[in-house]
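# Notes for the structure review
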Amino acid sequence: MIRTPIITVMGHVDAGKTRLLDTIRGTSVSEREAGGITQHIGATEVPMSLIEGIAGNLIQKFGFEISIPGLLFIDTPGHEAFTNLRKRGGSIADLAVVVVDIHKGLQNQTIEAIEILKSYKTPFIIAANKIDSIFGWQTEKGPFSDNLKRQSPKAKEELDRKIYELVGQLHSKGFSSERFDRCSDFTKEIPIIPTCAKFGEGIPEVLVFLAGLSQKYLEKKLSIQVKGRGKGTILEVKEEKGLGKTIDVIVYDGTIKVGEEIVVGGRNGAIVTKIRALLEPKALDEIRNPQEKFRSIKEIHAAAGVKIAAPMLDDAIAGSPIRVAGGDNDEREIIEEMQSVKIESDAIGPVVRADTLGSLEAFVKLLGERGIKVKKADVGELTRRDIMELESVKKKDQFKAVGFAFHTKATDDALEEAKKSNVKILEGNIIYKLLEDYDKWVEEEKNKKKQEALGKVIMPVKIRIIPGHVFRNTKPAVVGVKVLVGKLRTNIEIMKDGKIIGRVHAIQSDGKNLTEAEEGKEVAVSISGAAMVGRNINEKDELVSFIPKKQFDKIKEIEDSLNDKELSLVEEIKKIEKDKELIA
């Protein structure tokens, strides 16, 4: 038997994800007589009869033959819900709708959504939303295909321009795409459907393409054993008045019944418990008071959303598997699946903590794609022990010694330990923002390190004594110089023809003491030591800094801070010193 495909809606903040879902639900609710929706826990089922009713001739027009029962939309839009729809080796979400603001194109969270979908190999369509704000566009509820004929040539031209900007952006991310009615091969091109979620334009095409593509390309994945042992994933763990801790589950295979024993992924391994109640939401018009928002049912078949009440669910984790017990290896398989996400390794890398197994897996995947190996990954708060493990990482690579707390926090002990050992903790609820914060921190730390190194390294500098600007001949010699290359600093030794003639004691300009003078500046310098005008230095002489042998390696570390002239001067100084055997 073929089950209902599971659909998630993703995209950037304010692109219209929630509005799109609300419009789909609203269309369904308002057309109950055509077959009506079924409201599940955490999901909305739109039956095929309803889709056919609002699709008109679209199904035939695009050559789809559809026998799936309908579409199951996950109610919570966004990355977090998607990442919790996980199972070993991939996602239980069959398809996704990525909502894009047609005027803004791919934004940070859109790109992140696409990267996550790509890593889970989940196909998606694009809803290019907010077409009603295209200049001159006359929006109308119903199929985009019908409304397009009514638009002015200028409005159509502007829509095309926006669509092809989006096509270009998707191409730069490695995806071929085209407006849905111009796609020649849906296995190779992502269909872009122009929509106005606010007024309902393009929603019929979104539903038809989700149904048609599910049927055409995912039939094998949608085949299930209806009477087999139920399998699902935990979308959310919730406290409910009078029920205690409950789990909201999306069932993607088989059947779950009241009284059955289930195995659930928990914080400390597998939880084996017995189902006390299976609950689904009452229709809005049936709710008499908030405490009676659920209705008891005896069993549930895939694909569906259901609330399970059972003892011992306090340690259950969102994103972890659930299955009806009955096999010899159920507990071991659940633990293995949990362990496939958690990490405990010898890698020189960060520690990642998240609130759910799905969030943890998604974050670790994205770090892996950046070439960052994780030392430890687990569900829960960032602990003092985690920070202590990062202290050893810091000795080998300070930029990998980071504690990530995604959708969770660090304990007070961890914060105190991190402050003491100067280990970085990054907390946040948005993956891309957390990774951006990490990149920013690495850059800042590298710059800080570079500045510290620059302060300790003797830099290459070349100066020329200006004719007519000898103010004192010796002890110290005071002369006017022009900085030809690099920066002149105080307290560096300078040489002429490979011989050290003294140390720059002070630099002055307009009677003010300076610690350094940049290229092109003319300043007065006092040179202590053996420097004597007329004996070992003269007007028009060019002098260079003396760089000790061990400093050349340090200069190599910061050579990206030097310009071409400075790099060339380093080589010149190295050669002079080698020739004169100043380098032993």
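Let me sum up the structure you'll find in this document. (Residues numbered from 1 in each chain as written. Predicted model: local features only at pLDDT ≥ 70, side-chain atom pairs only at ≥ 80, totals over all residues. Heavy atoms only, no water.)

### Topic: the overall build of the chain
We count it as follows: Helix and strand definitions follow DSSP, with helices as H or I runs of at least four residues and strands as E runs of at least two, each counted in order from the N terminus. Computation of the radius of gyration draws on C-alpha atoms alone. For the globule rule, the value is 2.2 Å times the number of residues to the power 0.38. Between buried and exposed lies partly exposed: a residue is buried under 20% and exposed over 50% of the maximum accessible area for its type, with that area taken using a 1.4 Å probe on protein chains only. Here the open area of atoms and residues is found with the Shrake-Rupley method and a 1.4 Å probe, where only the protein chains shown may cover a residue. Neither His nor the chain termini are counted; the positive set is Lys and Arg, and the negative set is Asp and Glu. To locate a charge, the coordinates of NZ of Lys, CZ of Arg, CG of Asp or CD of Glu are taken.
Secondary structure summary: the chain contains 16 helices and 34 strands in total. Its C-alpha atoms give the chain a radius of gyration of 34 Å, more than 25% over the compact-globule value 25 Å for 584 residues. On the principal axes, the C-alpha backbone points of the chain span a range of 105 × 65 × 40 Å. Burial status across the chain gives 53% buried among its 584 residues. Accessible surface, the chain: about 27,500 Å² in total, of which carbon and sulfur atoms supply 47%. Of the charged side chains in the chain, 93 are positive and 91 negative; the average position of the first set lies 4 Å away from that of the second.

### So, the nonpolar core
Operational definition: Definition of nonpolar core: a set of buried residues of the types Ala, Val, Leu, Ile, Met, Phe, Trp, Tyr and Cys, connected through side-chain atoms within 4.5 Å. Throughout, a contact is declared for two residues whenever any of their heavy atoms are within 4.5 Å.
Grouped together as the largest cluster of nonpolar side chains are 112 residues, with contacts concentrated most on Phe73 and Val97. The dominant element in this core, judged by the number of residues it contributes, is helix 8 (residues 203–217), at eight residues. If we ignore the near neighbours within four places in the chain, the residues touching Phe73 are Ile7, Val9, Leu21, Ile24, Gly42, Ala43, Thr44, Val46, Leu207 and Leu210.

### Some thoughts on the pattern of salt bridges
Defined as follows: Any carboxyl oxygen of Asp or Glu within 4 Å of a side-chain nitrogen of Lys or Arg constitutes a salt bridge here.
This model, assessed by the stated rule, comprises 41 salt bridges. Note that Arg179 and Asp181 form a salt bridge whose closest N and O atoms lie 2.8 Å from each other. Residue classification places Asp181 among the partly exposed residues on the basis of a relative accessible area of 32%. One salt bridge in this structure joins Lys245 and Glu239, with 3.9 Å as the shortest N-O distance. Taking relative accessible area as the criterion, Glu239 reaches 56% and is therefore assigned exposed. Shared partners join several salt bridges into a network, and the residues in it are Arg353, Lys376, Arg385, Asp386 and Glu389.

### Some thoughts on the packing of aromatic side chains
Rule in force here: By convention, a stacked pair of Phe, Tyr or Trp rings (six-membered ring in the case of Trp) has centres within 6.5 Å and planes under 30 degrees apart, an edge-to-face pair has planes over 60 apart, and any other such pair is tilted.
Going through the model one piece at a time under the given rule, you end up with 15 aromatic pairs. Between Phe186 and Phe209, the aromatic rings sit 5.4 Å apart at their centres with planes inclined by 75 degrees, giving edge-to-face as the arrangement. With Phe186 in the loop between strand 9 (177–179) and strand 10 (190–194) and Phe209 in helix 8, this residue pair connects regions lying 23 residues apart in the sequence. Here a set of aromatic residues connected by ring pairs shows up, and it is made of Phe62, Phe64, Trp137, Phe144, Phe180, Phe186 and Phe209.

### Quick look at the environment of Asp497
Along the chain, Asp497 turns up in the loop between strand 29 (493–496) and strand 30 (499–509). Residues Asp497 and Glu65, spaced 432 residues apart in sequence, show a C-alpha to C-alpha distance of 87 Å. When neighbours within four sequence positions are excluded, Asp497 is seen to be in contact with Ile576 and Lys580.

### A closer look at the sheet that holds strand 24 (residues 402–406)
Sheet strands associate in pairs through backbone hydrogen bonding, adopting either a parallel or an antiparallel arrangement. Stated formally: At least two bridges found by DSSP between two strands are what make those strands a pair. A fitted line through C-alpha atoms serves as each axis, taken over the contacting stretch for helices, and the angle formed by two N-to-C directions is quoted from 0 to 180°.
Pairing within the open sheet is mixed, and its five strands lie in the order 21-23-22-24-25. A strand with exactly one partner marks an edge of an open sheet, and here the two such strands are strand 21 (343–344) and strand 25 (424–428). Bridge count for strand 22 (residues 351–354) against strand 24 is four bridges, and the pairing is parallel. What sits directly across from Val352, in strand 24, is Phe404. Here helix 11 (residues 357–369) sits on the sheet in contact with strand 21, strand 22, strand 23 (376–379) and strand 24, set at roughly 150 degrees to strand 22. Sheet contacts for helix 12 (residues 384–396): strand 21, strand 22, strand 23, strand 24 and strand 25; angle to strand 22, the most-contacted strand, approximately 160 degrees.

### Topic: the packing of helix 5 (residues 108–119) against helix 14 (residues 431–456)
Filter applied, for reference: Throughout this description, any angle smaller than 35 degrees is read as roughly parallel, any larger than 145 degrees as roughly antiparallel, any in the 65 to 115 degree range as roughly perpendicular, and the remainder as oblique. Basically, the charged four are Asp, Glu, Lys and Arg, the nonpolar ten are Ala, Val, Leu, Ile, Met, Phe, Trp, Tyr, Cys and Pro, and anything else, Gly included, counts as polar.
Contact geometry of helix 5 with helix 14 gives a least axis separation of 9 Å together with a crossing angle of 105 degrees. Between helix 5 and helix 14, the angle falls in the class roughly perpendicular. Within the contact between the two elements, helix 5 uses Asn108, Gln109, Glu112 and Ile116 and helix 14 uses Ile431, Tyr432 and Glu436. The residue inventory of the contact of helix 5 with helix 14, partitioned by class, reads three nonpolar, two polar and two charged.

### Quick notes on helix 12
Threshold: Read the arc as the range of directions from the helix axis to the C-beta atoms.
Listed as buried for helix 12 are Asp386, Ile387, Glu389, Leu390 and Val393. Viewed along the axis of helix 12, the buried residues span an arc of 155 degrees, placing them on a single side of the element. Turned more than 90 degrees from where helix 12 packs its buried face, Arg385 and Lys395 sit exposed.

### Here's the deal with the sheet that holds strand 17 (residues 294–297)
Pairing is antiparallel across the open sheet formed by eight strands, whose spatial order is 15-14-20-11-12-19-16-17. The open sheet has two edge strands, strand 15 (269–274) and strand 17, and neither has a second partner. In this sheet, neighbouring strand axes are inclined to one another by 35 degrees on average, regardless of whether the strands run parallel or antiparallel. The sheet contact formed by strand 11 (residues 231–240) and strand 12 (residues 244–253) spans nine bridges and is antiparallel.

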